[in-house]
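Observations on chain architecture
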Amino acid sequence: MLKIKNASKIYKLGDVEVPALNNVTLTIKEGEMLCIMGRSGSGKSTLLRILGLIDSPTKGKIYLSGKDVGKLKEKVRSRIRLETMGYVFQEYALLSELTALENVYLPAKMLGRWPKEYKDRAITLLDAVGLLNRMKHLPRQLSGGQQQRVAIARAMVNKPEIIFADEPTANLDSKAGKNVMETLYWLNKNYKTTIVFVSHDESDKKYASRVVRLLDGRIVKRKPI
Amino acid sequence: MRKSISVANFLARKLVARSNWGLNFMAIFMIVIVYVNINFTSSLLNGFISTVNEKLISSQTGNVVVLPKNSDGIESPVVLLDDIRKINGVAGATETRSVPAELSKGQEKSLAEISGINPSTYGDVFVTPKNMIEGEFLTKDDKDKIVLGAQIAGADISRLELYSDSLKNVHAGDKVTVNYPGGFKKEYTVKGIFLNEFFESDLKTFITDNEYGLVQPGGKVESINIKLEKGVPESYVIDQIKKLRSDLQFRTWEERAGFVKGFTDTLKVVNRILGFAAILVAAITIFIVTYVDLINKRRQIGIERAIGINAPTIILSYELRALFYTIIGSSIGALVFIYAVVPIERAYPFKIPYGKVFLQLNYNNMIIYAVILVAVAIVAALIPAWRTIRISIIDAIWGN
Ligand SMILES: Nc1ncnc2c1ncn2[C@@H]1O[C@H](COP(=O)(O)OP(=O)(O)OP(=O)(O)O)[C@@H](O)[C@H]1O
Ligand SMILES: [Mg+2]
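Anyway, here's the lowdown on the structure attached to this text. (Residues numbered from 1 in each chain as written. Chains lettered and ligands numbered in written order. Predicted model: local features only at pLDDT ≥ 70, side-chain atom pairs only at ≥ 80, totals over all residues. Heavy atoms only, no water.)

**Some details on the side chain of Thr-313 of chain B**
Tracing the chain through its elements places Thr-313 of chain B in helix H9 (residues 311-347). Thr-313 of chain B gets classed as buried once you look at its relative accessible area, which sits at 0%. For Thr-313 of chain B, the contacting residues outside a window of four places in its chain are Met-110 of chain A together with Ser-4, Val-7 and Ala-8 of chain B. (Helix = DSSP H or I, 4+ residues; strand = E, 2+ residues; numbered from the N terminus. Buried < 20%, exposed > 50% of the residue type's maximum accessible area, 1.4 Å probe, protein only. Contact = heavy atoms within 4.5 Å.)

In structure tokens form, the structure reads like this:
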């Protein structure tokens, strides 16, 4: 469903060019739970952002359901993100002025597909991630793990075809991390939502249906030593 | 589009309700100050202009001056005056004849215009009879009496603008000599001295019309000054008089304003400049508030965009917030101005040589300023919001 072909990304820092991705080709299949692994700096986040249409590759193409979406205007990309994609960021990325519930339903309110029930959807999702009783809390009144679960509920609210999660457990202790990973796993199994997540914790492999490894911006077959 | 507005409205409300109250307070407070400031300067200058004009009208010109078309004076003035007084909206009318002369007391001499007035009607038009600082104003049967403006008498008030050209130390009860053109001389007793605090009118010198008839036999009425009731347009009364007589010409007080006109015109320009400056300050204030706030919100805005909230919606949310600040700020400002600043100033008015200056409340102006402020706020908030949106999502969320 989502495919990048010969994608490279070079960041320019003044005169210095930092290659972050090097000729990556990758296809994400519907319903899979793909784990991207690799050392720090290997380009995992860069790859995920390009897949998620938040960033563009310097070179290469990106197709969504066979359509080239690499050169689309930001207005259209924004719409695609809203309609078909969900994000869970590495750092807590809730809007600080909105309650947990408002954070979750904001994308649904924007999309407008459920003009009457968007709040109910959000409540159901908060219930599913076990945070019904934290609905009215602002992000600063929630723990890190709770915030990540709210972020997962938010990523889910528009029934996206695909959810991207960039080290969603990085800032959490192991128990909270497990909780978040299990939530994603449960989403994949129950809602058949495609999930692409980044991790450098080998034990997260068990949640994945497939693992892709990055080394210095390239996909490698084997776990590097 | 409708969705964008509704989401922007939702975000703006949460932005205001859940963000730092210090920021909200600051932003609104600044708008209040700016709004009160614009209204204050403009009301003050308008108050100033109106005080000066009021002085001019009440001591110098009346609302309308009637003059003869030829230089022979006004024909049958008694009938005309009667008819004028019958016109709706006329509060009073009085006639004047005058002749230039030299006044002297001992060594001191002063040039003045001697006006023969009707003491029974002069006070219907002018405040001068109420502004006596010594003695009394003329009455109908006064003989050999003269009333002097303070700028002529001097009256030992050395702060007067034209004191050095005056008779300096003449007081009520003193005797002064008037040298009329053609060599006729007459001594008068000073019945009173007035001070209108408007130097053109304080240069006047009055004798009764009977006295005037003695020194200038056959002298014709040269002008009639008319006072109108509040709100009556000058043009209406002029038209009515034109129906009565065709041998007259008319001047409104504004046409007679002379130096005052130049002065008030200057003030109006100053008023515009100050208003413009105040609006500029408002624009910069809103710009800074939005700008500083948006620097802190870059990451948040990046996240909003990453999850699919489009740029126009986000910009609109900050526009709505600016609109809210401006509307609340100018509403509070209006209340403060109407119910605090104006009444306080009314209780302790500013004093200028022409009298007390009262802030002139002008609701039209207040609305215009509020509308301008809102327009300015929209532009001032747009610039930083638009700049923030132009940063790439990556830099907004992960950059610094
Ligand atoms: N915005 C940026 N500007 C410049 N260089 C960047 C930027 N983002 C990433 N890089 C560089 O690109 C390379 C890949 O970074 P990326 O964040 O994709 O790595 P990562 O695998 O996600 O690392 P980590 O596990 O630490 O999150 C790194 O060398 C990094 O320094
Ligand atoms: Mg990363």
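Read on, since the account is not over.
**Observations concerning the site of ligand 1**
Residue and element names in this part refer to chain A. Around ligand 1, the surrounding shell holds 13 residues, and the nearest of these are Ser-40, Gly-41, Lys-44, Ser-45 and Thr-46. Taking Lys-44, its side chain carries an N or O atom lying 2.7 Å from an oxygen atom of ligand 1. Take Ser-45: an N or O atom from its side chain is 2.7 Å from an oxygen atom of ligand 1. In the complex, 71% of the free accessible area of ligand 1, which totals 630 Å², lies under the protein chains. (Near = heavy atom within 4 Å. Polar contact = N/O pair within 3.5 Å; in protein donor to acceptor, adjacent residues only side chain to side chain. Areas by Shrake-Rupley, 256 points an atom, 1.4 Å probe, with all protein chains shown as cover.)

**Structural notes on the sheet that holds strand S1 (residues 2-13) of chain A**
Residue and element names in this part refer to chain A. Strand order in this open sheet of 4 strands is S2-S1-S4-S5, and the pairing throughout is antiparallel. The open sheet has two edge strands, strand S2 (16-28) and strand S5 (67-68), and neither has a second partner. Sheet analysis places strand S4 (residues 59-64) next to S5, joined by 2 bridges and oriented antiparallel. Bridging from a neighbouring strand, Tyr-63 pairs with Asp-68 of S5. (Pairing = 2+ DSSP bridges.)

**Re the pairing of strand S8 (residues 194-198) of chain A**
All names here are of chain A. Extensive coverage of S8 is indicated by the burial of 5 of its 5 residues. Burial along S8 is two-sided: the residues Thr-194, Val-196 and Val-198 and Ile-195 and Phe-197 are all buried. By the bridge criterion, 4 bridges tie strand S3 (residues 33-38) to S8 in an arrangement that is parallel. Bridge assignment links Leu-34 to a residue of S8, and that residue is Val-196. Pairing geometry for strand S7 (residues 162-166) and S8, over 5 bridges, is parallel. Bridged to Ile-163 within S8 is Ile-195.

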